[in-house]
Amino acid sequence: MIQPTAHLADNLFAKDIEKKPTRDGFGTGTVAAGKKDKNVVVLCADLKESTRAEWFEKEFPDRFVEIGVAEQNLATVGSGMAAVGKVPFVASYAAFSPGRNYEQIRTTIALNQQHVIVCGMHAGVSVGPDGATHQMLEDIGLMRMLPGMTVLVPGDALEAHKAVVAAATHNGPVYIRFGRTASPVFSTEETPFEIGKAVLLWDHAKPRVAIMSTGTLSYQALLAAKALAAEGTEVSVLHVPTVKPLDTEAVLALAKRAGRIITVEEHQTMGGFGSAIAECVSEHYPVPVHRMGVQDLFGQSGDPDELMQHYGLSATHIVEAVRS
Amino acid sequence: MSRTDTELALLDTKAAAIRETILDMLVAAGSGHTAGPLGMADIFAAFYFDVLVHDPKNPEWEERDRLLLSNGHIVPVQYATMAHSGYFPVEECLTLRKFGSRLQGHPERDRLPGLETTSGPLGSGLSQASGMAYAFRMDGKKNRVYCLMSDGEQQEGNIWEAVMFAGKNRLSNLTAVMDRNNIQIDGMTEDVMPLESLAAKYEAFNWHVLEVNGHNISEFIDAVETAKAVYEKPTLIIAHTIPGKGVPEIEFDYKWHGKPPSKEEAKRFIQQLRSGAGRVPNEYA
């Protein structure tokens, strides 16, 4: 059943549940963070409309920095601004940042220990028609391997807003992943969000399996949990918006109760969120882990829904995985 | 304002001491770069003993100028100069590249107070310096930002992204200094991947460009002072230097880019340094 402490939306399973892309949370979150701290600045690489950076620019024109189509410069100008006291959010598509500027992020932000918030937009195959070049599926892996890097993958636009506000006052470098396509806003203002904490969305005392998910697919996990409950199969759903540092306590506690885990992410299964869960349980409490995600493939053009079906990333696929 | 002969003579003495320390530390380390650090000793002496607004006893002082070394591999010259100017004991230079040392093979900001960034991978210092200069101007602060780069580094795409950004934003509080020594690991820059005409390229991106003899400290200081008076543009000082400067045996030899001298070689090199036998650089100025 729905976990009451998660304070999920009242109309959680209604057709008219509000839908917004998580990138909207970047727009509103940076404005909120900018009102709290005058040192917050937003840098963007010629994508201010689609990244929602222009929402910040409208509010704080003097604190918005247009970098042009230059992602290496995006990361390194951000590093320089952080070094003299600014709090830079650097925004582009994840395929280009951290895709293209990985070394600059590694050396001048991570190793250099600068508080820069790298914001990767249009992650995952749900980007849709743009195709594989723009559908970043390796960013969680790239970022979580960097020492000291915090990695956030919000589940909806509201949680993305909270993640952005929290990242502004967090110590050290942060990566936040955002999506292009509108997805259900399943959380509410009351839903807890804290960097480093997972949130139990659906629970049963003796679940047949634990579904652990990150990003917008947590909503698909909820749909799967509901469908399974209707046929008498009980599961638990742990939403994990902080991939690093992982909430090992919550992961292991649920692993012990369930004895079996399915991980769900819109990312390569190698090196991403599912790998992080598998690493954690194999070391501390080995249980079988089945990782759902993109299986060593690139994306392609299509409608977002069509693509999510094709790559096996829907509630139906999660239900099948639980049954098997 | 021009410096007096006495002031300039003192800077020459500092540069000579820095060169000896560089050779000592490279021998102790057993690896590292020789030619670049020796070639930049005069400019580092000019910065730390004259140009820079800084306080070696208070490296976090907010009003300080920022000096970024983009080509981190020549960091022995920065360590030696910092030690001689009082950031840490000169003896600590002998820990270069050793386990547990604050003096990493390539500079790391969080390990050694006084370093402004972490560098080694080429091409990203000018962007960071531009970000700093941009942020200082946003806040109406007067700190100046200096970025030292190599010539081979100009082959990096990231450099030109920064050149465009600083030119567009007219970052007149930013001065870049390019060590134009014509060598890189695989040979002469113009053979490996031609860079000229560097001055015309930077000017085309709205930079003010000055060219100096990088071993004429007086001329270099004058150029830095000129840059302060240039409004609406960042300035690039192309400093023509001789790799391995001060040790005639290795001057101009690209094979000395990335290796240290042996103990015997260093002994001989220091004798050559002390004899003042370095070639007259004016042919390159």
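Bear in mind that the values here come from a model prediction, so they are computed numbers and not experimental data.

> In this structure, what is going on with the overall build of chain A? I would like to understand it.
Counting its secondary structure elements, chain A contains 11 helices and 14 strands. For 324 residues, the compact-globule estimate of 2.2 N^0.38 gives 20 Å, and the C-alpha radius of gyration of chain A, at 19 Å, lies within 12% of that figure. Expressed along its principal axes, the backbone C-alpha trace of chain A runs to roughly 55 × 40 × 35 Å. Residue burial in chain A is summarised as follows: out of 324 residues, 60% are buried. Sequence separation of 24 or more characterises 79% of the internal contacts of chain A that already satisfy a separation of 6 or more.

> Explain the overall build of chain B here, please?
Secondary structure summary: chain B contains 10 helices and seven strands in total. Here the C-alpha coordinates of chain B stretch approximately 50 × 40 × 40 Å along the principal axes. Taken over 285 residues, chain B has a buried fraction of 52%. Within chain B, contacts between residues at least 6 apart in sequence are counted, and of these 76% link residues at least 24 apart.

> Would you take a moment to explain the interface of chain B and chain A for this structure?
It is common to give the size of an interface as the accessible area that goes away when the parts come together. In this complex, chain B contributes 25 residues to the contact, which on the side of chain A involves 23 residues. Of all the secondary-structure elements, those providing two or more residues to the side of chain B that touches chain A are helix 5 (125–138) and helix 6 (157–168) of chain B. Broken down by element, the residue count for the side of chain B that touches chain A peaks at 10 residues, all from helix 5 of chain B. Of the residues that constitute the side of chain B that touches chain A, the class distribution is 10 nonpolar, 10 polar and five charged.

> I would appreciate a short explanation of the sheet that holds strand 2 (residues 145–150) of chain B in the present structure.
Residues and elements named next belong to chain B. Strands sit in the order 1-2-3-7-6 across an open sheet of five strands; the sheet is parallel. The outermost strands of the open sheet, each flanked by one partner alone, are strand 1 (66–69) and strand 6 (208–213). Going across the sheet, the axis of each strand differs from the next one's by a mean of 20°, ignoring polarity. Pairing between strand 2 and strand 3 (residues 174–180): six bridges, direction parallel. The residue of strand 3 that forms the bridge with Cys147 is Ala176.

> How do you make sense of the domain arrangement of chain A when you look at a structure like this?
Residue and element names in this part refer to chain A. Assigned domains of chain A: these are domain 1 (19–184) and domain 2 (190–323). Listed by partner, the interface residues are 32 residues for domain 1 and 30 residues for domain 2. At the level of elements, helix 5 (139–144), strand 6 (150–152), helix 6 (157–169) and strand 8 (183–184) are the ones that each hand at least two residues to the side of domain 1 that touches domain 2. Here the side of domain 1 that touches domain 2 gets four residues from one element, more than from any other, and that element is helix 6. Classifying every residue of the side of domain 1 that touches domain 2 gives 13 nonpolar, 13 polar and six charged.

> Mind showing me how you'd approach the packing of helix 8 (residues 248–258) of chain A against helix 9 (residues 273–284) of chain A here?
Any two packed helices are characterised by the angle at which their axes cross and by the distance between the axes. Residues and elements named next belong to chain A. Remark: helix 8 packs on helix 9, axes separated minimally by 10 Å, with the N-to-C direction vectors making an angle of 65°. For the element pair helix 8 / helix 9, the angle class is roughly perpendicular. Relative to helix 9, the crossing made by helix 8 is right-handed. On the side of helix 8, the interface is formed by Thr248, Val251, Leu252 and Ala255, while helix 9 contributes Ile277, Cys280, Val281 and His284. Residue composition of the contact of helix 8 with helix 9, by class: six nonpolar, two polar and no charged.

> Before we go on, may I ask you to explain unusual backbone geometry in this structure?
Among all residues save glycine, negative phi is the norm, and among peptide bonds the norm is trans. Cis peptide bonds are those with omega within 30 degrees of zero, and the linkage from Lys244 of chain A to Pro245 of chain A qualifies with -5°. Omega for the bond connecting Glu196 of chain B with Ser197 of chain B falls within 30 degrees of zero, at 5°, which places this linkage in the cis form. As for its position among the elements, Ser197 of chain B is in the loop between helix 7 (189–192) and helix 8 (198–204). A positive phi is found at Arg97 of chain B, a non-glycine position, where the angle reads about 65°. Phi is positive for Glu232 of chain B, close to 75°, though the residue is something other than glycine. Tracing the sequence through the fold places Glu232 of chain B in the loop between helix 9 (217–228) and strand 7 (235–240).

> Can you walk me through the packing of helix 7 (residues 217–230) of chain A against helix 11 (residues 315–323) of chain A in this structure?
All names here are of chain A. Interaxial distance between helix 7 and helix 11 falls to 8 Å at its minimum, and their mutual angle equals 55°. As far as their axial angle goes, helix 11 and helix 7 are oblique. Note on packing geometry: the crossing formed by helix 7 with helix 11 is right-handed. Residue-level contacts link Gln220, Ala221, Leu223, Ala224, Ala227 and Leu228 of helix 7 to Ala315, Ile318, Val319 and Val322 of helix 11. Looking at the contact of helix 7 with helix 11 residue by residue, the classes come out as nine nonpolar, one polar and no charged.

Conventions used here
- Residues numbered from 1 in each chain as written.
- Chains lettered and ligands numbered in written order.
- Predicted model: local features only at pLDDT ≥ 70, side-chain atom pairs only at ≥ 80, totals over all residues.
- Helix = DSSP H or I, 4+ residues; strand = E, 2+ residues; numbered from the N terminus.
- Rg over C-alpha atoms; globule rule 2.2 N^0.38 Å.
- Buried ≥ 20, exposed ≤ 12 C-beta atoms within 10 Å, placed from the backbone.
- Contact = placed C-beta atoms within 7 Å.
- Nonpolar A, V, L, I, M, F, W, Y, C, P; charged D, E, K, R; others polar.
- Pairing = 2+ DSSP bridges.
- Axes fitted to C-alpha atoms, helices over the stretch in contact; angles between N-to-C directions.
- Domains from an automatic or database assignment.
- Parallel < 35°, antiparallel > 145°, perpendicular 65-115°, else oblique.
- Left-handed = near helix turned anticlockwise from the far one by under 90°.

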